[in-house]
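# A structural walkthrough
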Amino acid sequence: MHVLPVIIAVFCAVPASARIVEVEVNGIIHPITVEIVSSAIAQAEQEHAEALLIRLSTPGGLMEATRSIVEQLFHSPIPVITWIGPAGAQAASAGFFLLEAGDVASMAPGTNTGAAHPVLISSQMDPVMKEKLENDAAALMRT
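Please read these numbers as outputs of a predicted model, since none were measured by experiment.

### Some details on the nonpolar core
L52, I54, L56 and L73 are the most contacted members of the largest nonpolar core, which totals 27 residues. What L56 contacts, discounting residues up to four positions off in sequence, is V25, T82, W83, I84, G85, A89, Q90, A91, G95, L98 and L99. I20, L53, W83 and A108 belong to the second-largest nonpolar core, a separate cluster that totals seven residues.

What follows is the structure, given as structure tokens:
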């Protein structure tokens, strides 16, 4: 089952022939992912697209890259649809932040999201730094 027609139905004012730019965010979220999303937003704007569809399938990634993408999505002049798919995909950790940053967030059947908790790849966090990072991540999610 292809979910895109269902997503378009959410935008009742969007004509059936509307131009939607699509981009995939697969794998770990990192600085290159920031560039990919930035280019997709620019393409959607240049083509006067009605929306940008971001297909998510990610275990998460770096907080700094995630924050940068979330900021871009918040400032996008084009409506952003975030979609976890196809079946079996996930948007865990940083992917959950991206899912929630879209103007419309949706999931294909058989997908999952969540488990958003900051982690460091290279070292152990002391308790104070861990609490600060958790509070910062929670504040970003509330926005």
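### Points about unusual backbone geometry
A cis amide bond links G85 to the next residue, P86, at an omega of 0 degrees. Residue position: P86 is located in the loop between β3 (80–84) and β4 (90–92). Even without a glycine there, the phi angle at H48 is positive, about 55 degrees. Considering the arrangement of structural elements, one finds H48 in the loop between α2 (31–46) and β2 (51–57). Within the chain, S93 stands out as a residue other than glycine whose phi angle is a positive 50 degrees. Inspection of the secondary structure puts S93 in the loop between β4 and α4 (94–101).

### Some words on the environment of E45
Among the structural elements, E45 can be located in helix α2. If sequence neighbours within four positions are ignored, E45 has contacts with P77 and I78.

### Observations regarding the pattern of salt bridges
With the rule as written, the count across this model stands at three salt bridges. The shortest N-O distance in the salt bridge between E47 and R19 comes to 2.5 Å. Remark: R19 occurs in the loop between α1 (4–10) and β1 (20–26) and E47 occurs in the loop between α2 and β2; sequence separation between them is 28 residues. By relative accessible area, R19 is classed as partly exposed at 40%. Of the charged contacts, one joins R55 and E24 as a salt bridge, the two residues approaching to 3.1 Å between their closest N and O atoms. Of this pair, R55 sits in strand β2 while E24 sits in strand β1; the two residues are 31 residues apart in sequence, bridging distant segments of the chain. Classification of E24 as partly exposed rests on a relative accessible area of 40%.

### Considerations on the confidence of the model for the protein chain
For the protein chain, the average pLDDT comes to 83, and 71% of its residues sit at 70 or higher. Here α1 stands out as the least confident element of the protein chain, with mean pLDDT 45; β2 is the most confident, with 98. Within the model, the stretch residues 1–12 combines pLDDT values under 50 with 14 contacts to residues more than four positions away or in other chains.

Cut-offs and rules
Residues numbered from 1 in each chain as written. Predicted model: local features only at pLDDT ≥ 70, side-chain atom pairs only at ≥ 80, totals over all residues. Heavy atoms only, no water. Core = buried A, V, L, I, M, F, W, Y, C linked by side-chain atoms within 4.5 Å. Buried < 20%, exposed > 50% of the residue type's maximum accessible area, 1.4 Å probe, protein only. Contact = heavy atoms within 4.5 Å. Helix = DSSP H or I, 4+ residues; strand = E, 2+ residues; numbered from the N terminus. Salt bridge = Lys/Arg side-chain N within 4 Å of Asp/Glu carboxyl O. pLDDT = per-residue confidence, 0-100.

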